[in-house]
Amino acid sequence: MEIYQSFLDEMMDGEDRFEQKAGPQESEAEKKKYKREARLLRKGKWKARIGTAFTLIGFFIGFTILSSIGTAIFYQAGEPGYDEINRDVVKSAFAVGYPNVIVQPSSNTGSYFNMKINGKMIKRVGDEHMEVGDFTANYWFEWLRLKHVEWKDMFFAFKGYFQFPGYQGSDSASEWKRLEKLPEGTVAEAYVSYKKLYSTDDFLKRFEGKPYDPLWFAVDNGDSNIKCDYGLVISPVGFPAIPVWHPGDGKVTEGPKRKVGWFVTMRSSSTSYPPIDTYGSGPLREENFIKSLHILNRHKNRPRASFPSSILKKRWTTSRKTGLKSTVPSSPDRPKKF
């Protein structure tokens, strides 16, 4: 088309010479002919360009649709699927590393094998559940690309610090006096350190019949660096009083099939989890915690923004070898005056 356009331009440039030899009517007719051909050529070129643009747009839309279908299949295929695994990793990371913070994440897949997980971060204080922030994570395939934690107040981001048994602790008498001055029925979140290590069952028995609710138990992970820090546990690792159930922990009961269309049937299902004794079930709670650490260690590329993989591996291995001992529970309570 470009060569033909050049040919026409050359022909148009030679019109003056042609007019000197031909009559007026003949040169005018030739001029109109060349202009008409040039106009048709330009119109054809624009049609070709528009056609190419629409072809590329159609290809892009088609590829996006196919990638969206492929993304949904990738994240949902399998038992459990990658979407359920990623949500489980998020819940486990908060349960292990953030005292008294729970997350109920939801996920949605997009195109190009991207998935987004978001949810509200909740703290329990007394009988109330408070929203303390928002959590968002973006995944590409199974890799965590971006993570964003936004606290409503940076005070909520404080993980507390604890005193390991055997070290000189600080005097907390003034803190208890402040709590005693609060109005009747006031609740508070307290981080309490004890003078010795307790097994989970032994520790829970101490709370039986008392107006306190232990909600999170810090665990002795065998970290020798505590001695260098005067016994202070700055970034505790532990587990919540209510276990974070993982895929496969519950018993799934499926209901009967129900036909809802010509070619569509539906079946409801329910999942039941093992019962938990309020002041017991220590082995079950500990097994759930060990499983949480195992999941975080196995998928260390997902929670890397929160927990260094080497520390996770060390803590999981140490807990498996030595057994669990709790010393520093975080206990938001609902006492008569607290």
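For every chain, the first residue of the written sequence is number 1, and numbering continues from 1 onward in sequence order. A pLDDT threshold of at least 70 governs which residues receive local features in this predicted model, and a stricter bar of 80 or more applies before side-chain atom pairs are shown or counted, although totals over entire chains, interfaces and linings include all residues. The basis for every side-chain value is the complete set of heavy atoms in the structure, and neither hydrogens nor water enter the calculation.

Engineer: Looking at this model, I keep getting lost on the overall build of the protein chain. Mind explaining?
Structural biologist: Secondary structure follows DSSP: runs of H or I at least 4 residues long count as helices, runs of E at least 2 residues long count as strands, and numbering of each begins at the N terminus. Looking only at helices and strands, the protein chain has 8 helices and 13 strands in total. For the exposure calls, accessible area comes from a 1.4 Å probe over protein chains only, and a residue counts as buried if that area is under 20% of its type's maximum, exposed if over 50%, partly exposed in between. Taken across its 338 residues, the protein chain has 34% of its residues classed as buried. Residue contacts follow a heavy-atom distance rule, with two residues in contact if any of their heavy atoms lie within 4.5 Å. The contacts of the protein chain with a sequence gap of at least 6 include a subset with a gap of at least 24, amounting to 64%. Accessible surface area values rest on a Shrake-Rupley calculation with a 1.4 Å probe, where residue burial reflects the displayed protein chains alone. Accessible area of the protein chain: about 21,300 Å², with a carbon and sulfur share of 57%.

Engineer: Looking at this model, I keep getting lost on empty space enclosed by the protein. Mind explaining?
Structural biologist: Over the atoms a probe the size of a water molecule is rolled, and this reveals where empty space is left. Using protein atoms alone on a 1 Å grid, points that fit a 1.4 Å probe yet trap it form a cavity, whereas open point sets bounded by protein on both sides within 12 Å along at least five of seven lines form a pocket; residues with an atom within 4 Å of a point count as lining. Grid points are joined across faces, edges and corners, and a volume is the space filled by probe spheres set on the points. The tally for this structure, following the rule as stated, stands at 2 cavities of 30 Å³ or more. Reported here for the second largest cavity is a volume of approximately 30 Å³. Residue assignment for the lining of the second largest cavity shows that the elements contributing at least two residues are helix H4 (82–97), strand S10 (238–240) and helix H7 (282–298). Here the lining of the second largest cavity is composed, by residue class, of 6 nonpolar, 2 polar and no charged. In this count, Pro and Cys sit with the nonpolar residues alongside Ala, Val, Leu, Ile, Met, Phe, Trp and Tyr, while Asp, Glu, Lys and Arg are called charged and the others, Gly among them, polar.

Engineer: Mind showing me how you'd approach the confidence of the model for the protein chain here?
Structural biologist: Predicted coordinates in areas of low pLDDT are best not read in detail. Residues at a pLDDT of 70 or more form 78% of the protein chain, whose mean pLDDT is 76. In the model of the protein chain, helix H8 (residues 309–322) stands out as the element of lowest mean pLDDT, 42, in contrast to S10, which has the highest, 90. In the model, residues 304–323 has pLDDT below 50 throughout and makes 32 contacts with residues more than four positions away in sequence or in other chains. Every residue in residues 331–338 scores below 50 in pLDDT, and together they form 44 contacts with partners more than four places removed in sequence or on other chains. In predicted models, pLDDT denotes the confidence assigned by the predictor to each residue on a 0 to 100 scale.

Engineer: What exactly am I supposed to notice about H7 here?
Structural biologist: Quick reminder: α-helices carry 3.6 residues per turn. Residues three or four places apart thus point the same way. The span expected for a helix works out to 1.5 Å for each residue beyond the first. If you check H7, its first and last C-alpha atoms are 24 Å apart, about what 17 residues at 1.5 Å a residue would give, namely 24 Å. Among all positions of H7, only Gly282, Arg285, Asn288, Phe289, Ile290, Ser292, Leu293, Ile295, Leu296 and Asn297 are buried.

Engineer: Is there a simple way to think about the nonpolar core in this case?
Structural biologist: Most often, soluble globular proteins have nonpolar side chains that are buried together. For this analysis, a nonpolar core means a set of buried residues of the types Ala, Val, Leu, Ile, Met, Phe, Trp, Tyr and Cys, connected via side-chain atoms within 4.5 Å. Val96, Phe217 and Phe289 are the most contacted members of the largest nonpolar core, which totals 18 residues. Listed by contribution, the elements that provide at least two residues to this core are H4, helix H6 (200–205), strand S8 (216–219) and H7. By size, the runner-up hydrophobic cluster in this structure holds 16 residues, among which are Val101, Met115, Ile117 and Ala137.

Engineer: What is the right way to read a nonpolar patch on the surface from this model?
Structural biologist: Put simply, a patch holds well-exposed residues, over 30% relative accessible area, that have no salt bridge, with like charges counted together within 9 Å and Val, Leu, Ile, Met, Phe, Trp or Tyr side chains within 5 Å. In what follows, salt bridge is the name for a side-chain nitrogen of Lys or Arg lying within 4 Å of a carboxyl oxygen of Asp or Glu. Taken together, Trp46, Ile50, Phe54, Ile57, Phe60, Ile61, Ile65, Leu66, Ile69 and Ile73 make up a surface patch of nonpolar side chains, about 1,100 Å² in accessible area. With respect to the helices and strands, isoleucine 69 occurs in helix H3 (residues 24–76).

Engineer: What exactly am I supposed to notice about the side chain of serine 92 here?
Structural biologist: You can see serine 92 is positioned in helix H4. Residue classification places serine 92 among the buried residues on the basis of a relative accessible area of 0%. Two N or O atoms count as a polar contact when they lie within 3.5 Å, although within protein this holds only if one can serve as hydrogen donor and the other as acceptor, and sequence-adjacent residues are included solely when both atoms are side-chain atoms. A polar contact of 2.8 Å, which involves the side chain of serine 92, links it to the backbone oxygen of aspartate 88. Not counting residues within four places of it along the chain, the set of residues in contact with serine 92 comprises His246, Ser292 and Leu296.

Engineer: Any chance you could explain the UniProt feature "transmembrane region" (unreviewed entry) in the protein chain here in plain terms?
Structural biologist: UniProt positions are given in the numbering used here, feature names are shortened, and annotations may be inferred rather than shown by experiment. Under the UniProt annotation, "transmembrane region" (unreviewed entry) lies at residues 50–75. Secondary structure content for residues 50–75 is 100% helix and 0% strand, while the C-alpha to C-alpha distance between its ends is 37 Å.

Engineer: Hey, could you run me through unusual backbone geometry in this one?
Structural biologist: Trans is the prevailing form of peptide bonds, just as negative phi is the prevailing case for residues other than glycine. If you check the backbone angles, tyrosine 112 has positive phi at about 60° while not being a glycine. Examined against the element boundaries, tyrosine 112 turns out to sit in the loop between strand S2 (106–109) and strand S3 (114–125). The phi dihedral of serine 281 falls on the positive side, at around 60°, and the residue is not glycine. Among the secondary structure elements, serine 281 is positioned in the loop between strand S12 (265–272) and H7. Classification of serine 281 as partly exposed rests on a relative accessible area of 22%.

Engineer: It is not clear to me how the packing of H4 against H7 should be interpreted in this structure. Could you clarify?
Structural biologist: In a pair of packed helices, the angle between the axes and the distance between the axes together describe the arrangement. At a closest axis distance of 9 Å, the pairing of H4 and H7 adopts a crossing angle of 120°. In this view, H4 runs oblique relative to H7, as classed from their interaxial angle. For the element pair H4 and H7, the recorded crossing hand is left-handed. For the pair H4 and H7, the contacting residues are Asp88, Val89, Ser92, Ala93 and Val96 in the first and Phe289, Ser292, Leu293, Ile295 and Leu296 in the second. Whenever a helix is involved, its axis is fitted only over the stretch in contact; in every case the axis is a line through C-alpha atoms, and angles between N-to-C directions fall within 0 to 180 degrees. Each angle gets one of four labels, with under 35 degrees taken as roughly parallel, over 145 as roughly antiparallel, 65 to 115 as roughly perpendicular, and the rest as oblique. Rotating anticlockwise by less than a right angle from the far helix to the near helix defines a left-handed crossing, while the corresponding clockwise rotation defines a right-handed one.

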